[in-house]
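# Results of the structural survey
These are the residues of each chain, in order.
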Amino acid sequence: MKHLISLAAVLLLTANMAVQAQANKVDAAGIQNKVSKLEATANDPKKGKATVWMNLGKAYYEAAVAPSTGLYQGMDEKSLILLFGQGTEGTEKVGSLDYKTYAYPNVTVYLRDGIVDYWLPNTVIIENALDKARDAYFKAAEKDAKIAPKAREELLRVSDAYKQEGGNYYAALKYVDAANDFAKSYDLLANPVVNIADTSTAYNAGLIYTLGGDFAAAQKYLEAAINNGYEQDGEAYYYLFHSYYGQGDKEKAKEVLQRAVAKYPKNSQLIEALMGLYSEMGENAEAILPYVNDAIASDPKNPGLYVGLGQIYDRLGNSEKSIEAFAKAVEVAPDDFFANFNMAFALTKKADDMATELNSKSITSNDEYKAELEKISSAYREAIPYLEKSHEINPKQKLPVELLKNLYFRFRDEPGMMEKYETYNTMFKNMQ
């Protein structure tokens, strides 16, 4: 009986597919007619009450979202077909990604590995429907303060729709449209009727405006994010630098990077950008150092500041100072992964440089050559304890394992070293 019931359920499900797909067809003419009537009433001085503007806002919102109602990111292919019908199958390459597509009268859906990634509309029921819904709700709140809480609830839905639409455009590499949607969402939420400082949305708008080349708009939204504490470990400053640089204001771009490096000296993008800008402007890259040293003076127990200082010295070609800074990071925080790994990497790099230098030397004495080799081997050995510690702190990180494998192979002829090489070699293979 159990098998018969399951079979009946499958048959019923299959039979309902056509009904479900039919149910998701959009009555565009009906929505347009509803909007037209509500617009006429709302714009009548005698009839245009707050409640009418609320209903008009809902009609506009319906026009905006109806073509994609029921869709969501992460929906599997079978559920899509069940909800929308089979559609016209196709393939499309967007950037470097290959998509399977299903085209419907109102929307085209893009899937990767059988999962919905995003969708784009094929039908526009009402032009700029979300913008009109937003404005209608603001008008309702303006007309009647008692309606404002309900208008606020509906405006939150409009904001979410902007974000969803912006996410879809971003996935489709339509950066201008994506940035505009995130910006509209942020501006809507910042309005006194809603009064929410959505800093992540400001950051998204600024980042995407940067990618799209609208640097003035990028500056506005990135500054809004930063001013409200949303900095993404320095990434917001990095894009703000690009927004000023893109507008030709190198002095302001430099100022942004100087602030950012002092605050996030571990962020290598910021360091490289500031060094590149100093070089371009004919300034000494060592001018970065005071900003990091000031930060260290204010927070001397912060290992990240010493790691950042070590990275700067490394880029300036001063390996001894670099190692000194990383050693201080380890001293301050013996169990910090970045402090230990950067120390190990700097020591390994120093040994590599010594080996390169040896190859360029003219050495005639075998004893002298052996002595130089021993110095290099000693330098490599110094790195091993820091790599072991790095691996102990974060066993999932591949780089320490790879370097340990390589170093133990170098010393494979010494007692016990071949066994350690085999251990780390196996471990590294399993991590691939």
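Our structure's up above, just so we're on the same page.
I will try to describe carefully the structure that is included in this document.

All right, on to the overall build of the chain then. Along the chain, the regular secondary structure elements total 19 helices and four strands. Over its C-alpha trace the chain gives a radius of gyration of 30 Å, far above what one expects of a compact globule, namely 22 Å for 432 residues. The principal-axis extent of the C-alpha atoms belonging to the chain is close to 100 × 65 × 35 Å. Counting over 432 residues, the chain shows a buried share of 42%. For the chain, the share of sequence-separated contacts (at least 6 apart) that also reach a separation of at least 24 residues comes to 55%. Surface accessibility of the chain: about 22900 Å² in total, with carbon and sulfur atoms responsible for 51%. Each charge class in the chain was averaged separately, 48 positive and 59 negative side chains, and the resulting centres sit 7 Å apart.

This part takes up the nonpolar core. Ranked by internal contacts, the top residues of the largest apolar core, which has 87 residues, are Tyr-209, Leu-270 and Ile-288. Excluding residues within four positions of it along the chain, Ile-288 makes contact with Val-261, Ile-271, Leu-274, Met-275, Tyr-278 and Ile-312. If you look at the next biggest cluster of nonpolar residues, it comprises 34 residues, including Val-35, Ala-50, Ala-129 and Phe-138.

Okay, the packing of helix H12 (residues 268-280) against helix H14 (residues 303-315) next. Direction vectors running N to C along H12 and H14 enclose 40 degrees, while the axes themselves pass 11 Å from each other. Comparing their axes, H14 and H12 come out oblique. Judged by the sense of rotation from one axis to the other, the crossing of H12 with H14 is right-handed. Residues Ser-268, Ile-271, Glu-272 and Met-275 of H12 lie in contact with H14, whose contacting residues are Gly-308, Gln-311, Ile-312 and Arg-315. Classifying every residue of the contact of H12 with H14 by side-chain character gives three nonpolar, three polar and two charged.

What follows deals with helix H4 (residues 77-84). Because each turn of an α-helix spans 3.6 residues, side chains separated by three or four positions in sequence point in the same direction. Those residues of H4 that sit buried are Glu-77, Leu-80, Ile-81, Leu-83 and Phe-84. Looking straight down H4, one finds that the buried residues subtend no more than 165 degrees of arc, so they occupy a single side. Its side-chain oxygen placed 3.1 Å from the backbone nitrogen of Lys-78, Asp-76 serves as the N-cap of H4. Looking at the residues trailing H4, positive phi occurs at Gly-85, about 95 degrees.

So, on to the pairing of strand S3 (residues 107-112). Taken residue by residue, a regular strand's side chains alternate between the two faces of the sheet. Counting buried residues in S3 gives five out of six residues, a clear majority hidden from the surface. By the bridge criterion, four bridges tie strand S2 (residues 97-103) to S3 in an arrangement that is antiparallel. The residue bridging Thr-101 from the neighbouring strand is Tyr-110, located in S3. Bridging between S3 and strand S4 (residues 115-121) involves six bridges; their strand directions are antiparallel. When the sheet's bridge partners are listed, Thr-108 is paired in S4 with Leu-120. In this antiparallel pair of consecutive strands, S3 and S4, the connection spans two residues, and Asp-113 shows a positive phi of 55 degrees.

A separate point is the packing of aromatic side chains. One pass over the full model with this rule turns up 17 aromatic pairs. Ring plane angle 90 degrees and centroid distance 5.9 Å describe the contact between Tyr-186 and Tyr-221, whose orientation is recorded as edge-to-face. Here Tyr-186, found in helix H7 (residues 175-190), pairs with Tyr-221, found in helix H9 (residues 215-227); they are 35 residues apart in sequence, far enough to count as distant. Tyr-186 gets classed as buried once you look at its relative accessible area, which sits at 12%. With centroids separated by 5.5 Å and ring planes inclined at 80 degrees, the aromatic side chains of Phe-337 and Phe-338 adopt a geometry described as edge-to-face. Owing to a relative accessible area of 43%, Phe-338 belongs among the partly exposed residues under this scheme.

Look at helix H3 (residues 50-65): 23 Å from first C-alpha to last across 16 residues, which is about the 22 Å you get at 1.5 Å a residue. Among all positions in H3, only Ala-50, Val-52, Trp-53, Met-54, Leu-56, Gly-57, Ala-59, Tyr-60, Tyr-61 and Ala-63 are buried. On its buried side, H3 packs onto helix H2 (28-42), helix H5 (129-143) and helix H6 (148-171).

Close approach of charged atoms allows side chains of opposite charge to pair. Applying the stated criterion to the full structure yields 23 salt bridges. With its nearest N and O atoms 3.5 Å apart, the salt bridge here joins Lys-100 to Glu-89. One end of the pair, Lys-100, is in strand S2; the other, Glu-89, is in strand S1 (residues 88-94), with eleven residues separating them in the sequence. We classify Glu-89 as partly exposed; its relative accessible area is 46%.

Looking at the largest pocket, its volume works out to about 800 Å³. Put simply, the parts of the chain that give the lining of the largest pocket at least two residues each are H3, S4, H5, H6 and H7. A total of eight residues in the lining of the largest pocket trace back to one element, the largest contributor, which is H6. Of the residues that constitute the lining of the largest pocket, the class distribution is 18 nonpolar, eight polar and eight charged.

As for its placement among the helices and strands, Ser-319 is situated in helix H15 (residues 319-332). Exposure remark for Ser-319: the relative accessible area of 31% places this residue in the partly exposed category. On a C-alpha basis, the gap between Ser-319 and Tyr-421 in space is 28 Å, while along the polypeptide they are 102 residues apart.

Moving on to the environment of Glu-92. As for its placement among the helices and strands, Glu-92 is situated in strand S1. Between the C-alpha atoms of Glu-92 and Leu-111, which are 19 residues apart in sequence, the distance is 9.9 Å. For Glu-92, the contacting residues outside a window of four places in its chain are Leu-97, Asp-98, Tyr-99, Thr-101 and Tyr-110. A distance of 3.2 Å separates a polar atom in the side chain of Glu-92 from a polar atom in the side chain of Tyr-110.

About the criteria used
- Residues numbered from 1 in each chain as written.
- Predicted model: local features only at pLDDT ≥ 70, side-chain atom pairs only at ≥ 80, totals over all residues.
- Heavy atoms only, no water.
- Helix = DSSP H or I, 4+ residues; strand = E, 2+ residues; numbered from the N terminus.
- Rg over C-alpha atoms; globule rule 2.2 N^0.38 Å.
- Buried < 20%, exposed > 50% of the residue type's maximum accessible area, 1.4 Å probe, protein only.
- Contact = heavy atoms within 4.5 Å.
- Areas by Shrake-Rupley, 256 points an atom, 1.4 Å probe, with all protein chains shown as cover.
- Lys, Arg positive; Asp, Glu negative; His and termini not counted.
- Charge placed at Lys NZ, Arg CZ, Asp CG, Glu CD.
- Core = buried A, V, L, I, M, F, W, Y, C linked by side-chain atoms within 4.5 Å.
- Axes fitted to C-alpha atoms, helices over the stretch in contact; angles between N-to-C directions.
- Parallel < 35°, antiparallel > 145°, perpendicular 65-115°, else oblique.
- Left-handed = near helix turned anticlockwise from the far one by under 90°.
- Nonpolar A, V, L, I, M, F, W, Y, C, P; charged D, E, K, R; others polar.
- Arc of directions from axis to C-beta.
- Polar contact = N/O pair within 3.5 Å; in protein donor to acceptor, adjacent residues only side chain to side chain.
- Pairing = 2+ DSSP bridges.
- Phe/Tyr/Trp six-rings, centres within 6.5 Å; stacked < 30°, edge-to-face > 60°.
- Expected span 1.5 Å × (residues − 1).
- Salt bridge = Lys/Arg side-chain N within 4 Å of Asp/Glu carboxyl O.
- 1 Å grid on protein atoms, 1.4 Å probe; cavity = no way out; pocket = protein on both sides within 12 Å on 5 of 7 lines; lining within 4 Å.
- Points joined across faces, edges and corners; volume = space filled by probe spheres on them.

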